[in-house]
Amino acid sequence: MLLKKNFSQQTINGVQVGNGTVAFQGVKLNVHSFAVDGVLIDTGAASLEKEFQPFFKQLDIDQVVITHFHEDHTGCAAYVQKELQLPIYMNDMKLDYCKQKPDYPLYRKVFWGKRHPFHAKAIGKTFSSRNAIWDVIDTPGHAIDHLAFLNRETGQLFTGDLYCQEKTKVILREESIPTIIDSLQRVLTYDFGEVFCCHAGFLKDGRTALQRKLDYLLELQGKIIKLSEDGLSPNQISKTLFPKKYPITFLSRGEWESIHIINSIIQEHKFIEQ
């Protein structure tokens, strides 16, 4: 199984950006790592460790912060901890999980490699870098421990996987669209401009991009609830709203699927109605 890999780096408005890409069987995925003001935000994937190493070694950083525990964000955490002697901070929900060998499906190991255990510390509601105070914003939905980081000095927001793309078509089985909607509404109460997304990269007018995603999800939620109340089953709704099937659905054996969008919305709606 041969992965095609690519890596690029650039500096955008003081943020050093590393972007690694992997491709396999028609599916192409990428992940970003960001460094600014002595802080490294997320560490990329273990499958891209050799590609990320030169990027990490050239950085002048004091600490690492992690948006969430998924292996494409924590894959090189063990490397930066051991080789660069850097402290790592993240949501306390997954500290114990990250100390262990991870358990995730084979296709994710093919793309992202096998993350090695590392020891992180619990992050607070804020943290300090060399020249700024940062807000740590709870943004669950994609992952239970998901966080976003806002640099108060620059107004730059680092959103992990909160954005990814404007018009979500497939999600992980455990994701919750209503919770993601809540998280988008929460971050939009903060004062920020530029957004750095771990998959989409740099979003110059980040606030507008996040607002568009929120508007899309709210509209989608309304359509799904109406179709459900009209008597359509989740599968019928999925075929109506998401007729296209994506390669990642077949490759992941349904872990990534459009039906999970519908199920998460209907389950939440039924819970509220009770």
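Reading the values: the criteria
- Residues numbered from 1 in each chain as written.
- Predicted model: local features only at pLDDT ≥ 70, side-chain atom pairs only at ≥ 80, totals over all residues.
- Heavy atoms only, no water.
- Pairing = 2+ DSSP bridges.
- Helix = DSSP H or I, 4+ residues; strand = E, 2+ residues; numbered from the N terminus.
- Buried < 20%, exposed > 50% of the residue type's maximum accessible area, 1.4 Å probe, protein only.
- Phe/Tyr/Trp six-rings, centres within 6.5 Å; stacked < 30°, edge-to-face > 60°.
- Axes fitted to C-alpha atoms, helices over the stretch in contact; angles between N-to-C directions.
- Contact = heavy atoms within 4.5 Å.

Enquirer: Account for the sheet that holds strand E1 (residues 4-12), naming residues and giving values.
Expert: Hydrogen bonds between backbone atoms are what pair the strands of a sheet, whose relative direction is either parallel or antiparallel. Spatially, the seven strands line up as an open sheet ordered E1-E2-E3-E4-E5-E6-E7, and their pairing is mixed. Of all strands in the sheet, those with a lone pairing partner are E1 and strand E7 (121-122), marking the two edges. Inspection of the sheet shows strand E5 (residues 63-65) paired to strand E6 (residues 88-90) by two bridges, in the parallel sense. Considered in E6, the bridge of Val 64 is made with Ile 88.

Enquirer: Outline the environment of Leu 2, supporting the account with residue identities and numerical values.
Expert: Mapping Leu 2 onto the fold places it in the segment before E1. Judged by relative accessible area, which is 75%, Leu 2 ranks as exposed. With 171 residues separating them along the chain, Leu 2 and Arg 173 place their C-alpha atoms 27 Å apart.

Enquirer: Describe the packing of aromatic side chains, with residues and values.
Expert: In the structure shown here, the tally under the stated rule is 15 aromatic pairs. Geometrically, the ring pair formed by Phe 7 and Phe 52 is edge-to-face, given 4.8 Å between the ring centres and 75° between the ring planes. With Phe 7 in strand E1 and Phe 52 in helix H1 (residues 49-58), the pair connects residues that are 45 residues apart, well separated along the chain. Residue Phe 52 is classed as buried on the basis of its relative accessible area of 0%. Ring geometry for Phe 24 versus Phe 111: centroids 6.1 Å apart, planes at 85°, classification edge-to-face. In this pair, Phe 24 sits in strand E2 (residues 15-24) while Phe 111 sits in helix H5 (residues 106-112), placing the two residues 87 residues apart along the sequence. Comparing Phe 24 with Phe 111, the two get one shared label, buried.

Enquirer: Tell me about the sheet that holds strand E13 (residues 195-197), and please be specific about residues and values.
Expert: Pairing in this open sheet of six strands is mixed, and the strands run E8-E9-E10-E11-E13-E14 from one edge to the other. Both edges of this open sheet fall to strand E8 (126-128) and strand E14 (201-203), since each of them pairs with a single strand only. Neighbouring strand axes in the sheet, compared pairwise and without regard to direction, differ in orientation by 25° on average. Sheet topology note: the strand E11 (residues 156-160)/E13 ladder contains three bridges and is parallel. Pairing of Phe 158 across the sheet is with Phe 196, part of E13. Docked against the sheet, helix H6 (residues 177-187) engages strand E9 (133-138), strand E10 (147-151) and E11, running at close to 155° with respect to E9. The strands that helix H7 (residues 206-229) touches are E11, E13 and E14; relative to E13, the one it contacts most, it runs at about 60°.

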